[in-house]
Amino acid sequence: MRTSQYLLSTVKETPSDAEIISHKLMLRAGMVRRLGTGMFSYLPTGVRVLRKVEQIVRQEMNKAGAIEVLLPMVQPAELWQESGRWHTMDAELLRFKDRHQRDYVLGPTHEEVITDLVRREITSYKQLPLNLYQIQTKFRDERRPRFGVMRAREFMMKDAYSFHLGQDSLQQTYDAMYRAYCNIFNRLGLDYRPVQADSGAIGGSVSHEFHVLAESGEDAIAFSDSSDYAANIEMAEALAPEGSKAAADQALSEIATPAAGTVAEVAALLNIAPETVAKTLFVLADAGDDGKQQLIALVLRGDHQLNELKAEKLAGVASPLQFATDEQIRALCGAGPGSVGPVGLKVRIVADRSAAHLADFVAGANKDGFHLTGVNWARDIAEYEIADIRNIVTGDPSPCGFGKLIIKRGIEVGHIFQLGEKYSKALKAGVLNEEGKHQTMTMGCYGVGVSRIVAAAIEQNHDDNGIIWPDAIAPFQVALIPMNMHKSVRIAEVTEQLYQQLTAAGIEVLFDDRRERPGVMFADMELVGIPHTIVIGERNLDNQQVEYKNRRTGEKVLLDIADVITEIQQKITC
RNA sequence: CGGUGAUUGGCGCAGCUUGGUAGCGCACUUGGUUUGGGUCCAAGGGGUCGCAGGUUCAAAUCCUGCAUCACCGACCA
């Protein structure tokens, strides 16, 4: 490709609405333009990268035995009503009507459509297992789209859905997808980690997220510093503190703490560490027989944070998790949220493992402006349960039993999930089994955020001058930069010849034939992030040489013109 | 959805307090100059000042409403 015939569309200044580096660089490098909130037009350079990512995903999916399909983006409401998500998905689902006033949705995902397709096509267990995938545009009406294509409303996704007669078969495909995903991210050249994203519900570990590690990541991931353990921070188990609990030494006593509501204020006032203060939160319980929702007290160590997902999973806790209002708390405790504690409460009390390990601790007195010191479990609070309800913090022991946890940030670019029968049951998707009996299929689903990978790759690969593409997904592999081509016939001829040879060798070349000054060309090629550059100048031509420069390492070497093709082929690592 | 802020040429911004019908840099066009790291000089083209209404002799500027966009928060198979 010649720049004079290409739409490079690079810009010097950063549009003011770009926040993170990948968004800024994608705009500056002429990859995307914003059309509306969370909607982007892809310019030629952006499309090239997107297609590269797609192609790698496609190849690895095919290799893993999945079969490509293409499903409609516009889907009839009936299917969503059948699965129940017409009502449960709510605002994220973009709905609209056609000229006949029939309801439709813009597909945010395709479980319904694929399950409908398979229930029509598949009738016998002999046709299973089956793993179908597509690479297609999705639309989710996110409440807050941000970070450019990273969290856009319209985005490109690979989604695969597998169908099985039973759990064993599902597990096999799940494992195959896990390996395929590792292959994909290895080939993309990204620093990523598979992360446990769920456990429990069906038993074992049934969901993994694949995260590209980056400071700007929206998700926090807990890693063991001495094993392969990695889990979404929401899922990481917080173990009970080691050793036995200290004995109760102090007597229970009340102390005035005027104007001290938060743990930090109480700790400062009493000149004690926050971890010796217990904080008490109230959530609503499931409705009882009378239809009323009691409160449940959750007690945490002052320096810890409630993990809402863990709390929501506690038996008896209303789902979705709802916090009690100040009025409800006052009605129960006789005090405001800043002065409440577990002593004397007439409701169910759940203490976090670490909070339950405290002795002689401080807690609200259930009397405005007062706290209790010397509080002890059992002695002062007869009935309580112990559970893991907090977020892990750096330094916690790893649940795998090896090492301590460290927390890093990641961008979720893949998610594999064992769905079970959720959709196949709702849509009555079954086959006849060996006994000739109808059996509901078991499903798995496997997503890769294709457009998000593009942004994540930039987050991980850039410098002050712009993007540094891994070879596998670079829009062009080689940039040809001639010096003064328009004044030197010799330069023009050599460059033209190199362009022909490289292109003939199957290498993607961007030949900068614009009538621009060298600085402009260097800056643009670096901004766009082309990994390998060849500079053709008079000086080196005298020795039948050109200069090679590596975008990532900055390495510069002189190459004999005759060797350029073979040298470049060796340097391209994909 | 709540909070905050923004909206002036393709992009980045000034002008608004104190009303008098718009300016700078980049980009673009033309001519010259320069040519291994975003040259320099000159001359040009391009704007219903987000939309609607109001106040006023006069509104980018003051008032009201709306829209769009962004940030923080909540939310996110």
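Anything mentioned here points back to the structure above.
Positions within a chain are numbered from 1, following the residues in the order the chain's sequence is written. Written order decides the labels, with chains lettered from A and ligands numbered from 1. Two thresholds apply to this predicted model, a pLDDT of at least 70 for residue-level local features and 80 or more for giving and counting side-chain atom pairs, whereas whole-chain, interface and lining totals are computed over all residues. Values shown for side chains rest on all heavy atoms present in the structure; no hydrogens or waters enter the calculation.

Draft legend 1. Representation of the side chain of His208. Helix and strand assignments follow DSSP, with helices taken as H or I runs no shorter than four residues and strands as E runs no shorter than two, numbered in order from the N terminus. Tracing the sequence through the fold places His208 in strand β10 (residues 207–213). Any pair of nitrogen or oxygen atoms within 3.5 Å is treated as a polar contact; in protein, a donor-acceptor pairing is required on top of that, and neighbouring residues in sequence qualify only through side-chain atoms on both sides. A polar side-chain atom of His208 sits 2.8 Å from a polar atom in the side chain of Tyr174. Any pair of residues with heavy atoms lying within 4.5 Å of one another is described as a contacting pair. Not counting residues up to four positions away in its chain, the partners in contact with His208 are Tyr174, Tyr178, Val195, Gln196, Ala197, Gly414, His415 and Ile416.

Draft legend 2. Quick look at the protein's contact with RNA strand B. Taken together, the neighbourhood of RNA strand B is formed by 36 residues, with Thr37, Arg140, Asn484, Arg517 and Glu526 sitting nearest. Each atom of RNA strand B within 4 Å of the protein was classed as base or backbone; sugar and phosphate made up 46%. In the model, a base nitrogen of RNA strand B is placed 3.2 Å from a nitrogen or oxygen of the Arg146 side chain. Contacts to RNA strand B include Arg517, whose side-chain N or O atom sits 2.5 Å from a base oxygen. Contributions of two or more residues to the surface near RNA strand B are made by α14 (518–528), α15 (538–541) and β29 (545–550). For the surface near RNA strand B, the leading source of residues is α14, giving 7 residues. We call a residue near a molecule or strand whenever a single non-hydrogen atom of that residue lies within 4 Å of it.

Draft legend 3. Molecular detail of the nonpolar core. Buried Ala, Val, Leu, Ile, Met, Phe, Trp, Tyr and Cys residues that are joined via side-chain atoms within 4.5 Å together make up what is termed a nonpolar core. The buried label applies to any residue whose accessible area, calculated with a 1.4 Å probe on protein chains only, is under 20% of its type's maximum; exposed applies above 50%, and partly exposed to all values in between. The biggest cluster of nonpolar side chains holds 66 residues, and the ones touching the most others in it are Met31, Tyr181, Phe185, Leu188 and Trp469. Counting residues per element, this core draws most heavily on helix α6 (residues 167–188), at 8 residues. Among the nonpolar cores identified, the runner-up in size contains 27 residues, and Ala278, Val343, Val347 and Ala365 belong to it.

Draft legend 4. Geometry of the pattern of salt bridges. Should a side-chain nitrogen of Lys or Arg be within 4 Å of a carboxyl oxygen of Asp or Glu, the pair is scored as a salt bridge. In total, this model carries 38 salt bridges according to the counting rule given. One salt bridge connects Arg153 with Asp141, and the closest N-O pair in it is separated by 2.9 Å. Here the residue Arg153 occupies a position in the loop between β7 (130–139) and β8 (154–164), and Asp141 occupies one in the loop between β7 and β8, the gap between them amounting to 12 residues. Its salt-bridge partner being Arg390, residue Asp396 comes within 2.9 Å of it at the nearest N-O pair. According to the relative accessible area criterion, Asp396 is buried, its value standing at 10%.

Draft legend 5. Looking closely at the sheet that holds strand β27 (residues 509–511). Strand order in the open sheet formed by 5 strands is β27-β26-β28-β29-β30, with mixed pairing between adjacent strands. In this open sheet, the two strands that pair with only one neighbour each are β27 and β30 (556–560). Strand after strand, the sheet turns through a mean of 25° between neighbouring axes, direction not considered. Strand direction decides the pairing type here: strand β26 (residues 478–482) and strand β28 (residues 532–536), joined by 5 bridges, are parallel. The residue of β28 that forms the bridge with Ala479 is Thr533. Two strands are counted as paired when DSSP detects at least two bridges linking them. Inter-axis angles, ranging from 0 to 180 degrees, are taken between N-to-C directions of lines fitted to C-alpha atoms, where helices are fitted over the stretch in contact.

Draft legend 6. Focus on unusual backbone geometry. Put simply, Leu128 and Pro129 share a cis peptide bond, and its omega is -5°. The topology assignment puts Pro129 in the loop between α5 (111–121) and β7. Here Ser9, not a glycine, exhibits a phi torsion of approximately 55°, which is positive. We classify Ser9 as partly exposed; its relative accessible area is 27%. Even without being glycine, Asn271 reaches a positive phi, approximately 55°. Note that Asn271 resides in the loop between α7 (263–270) and β14 (278–287).

Draft legend 7. The environment of Asn391, seen in detail. The topology assignment puts Asn391 in the loop between β19 (385–387) and β20 (405–420). Distance in space between the C-alpha atoms of Asn391 and Leu309 is 9.5 Å, their sequence separation being 82 residues. Leave out the neighbours within four places in its chain, and Asn391 touches Ile233, Gln305, Leu306 and Asn307. Engagement of the side chain of Asn391 in a polar contact is seen with the side chain of Asn307, the distance being 2.9 Å.

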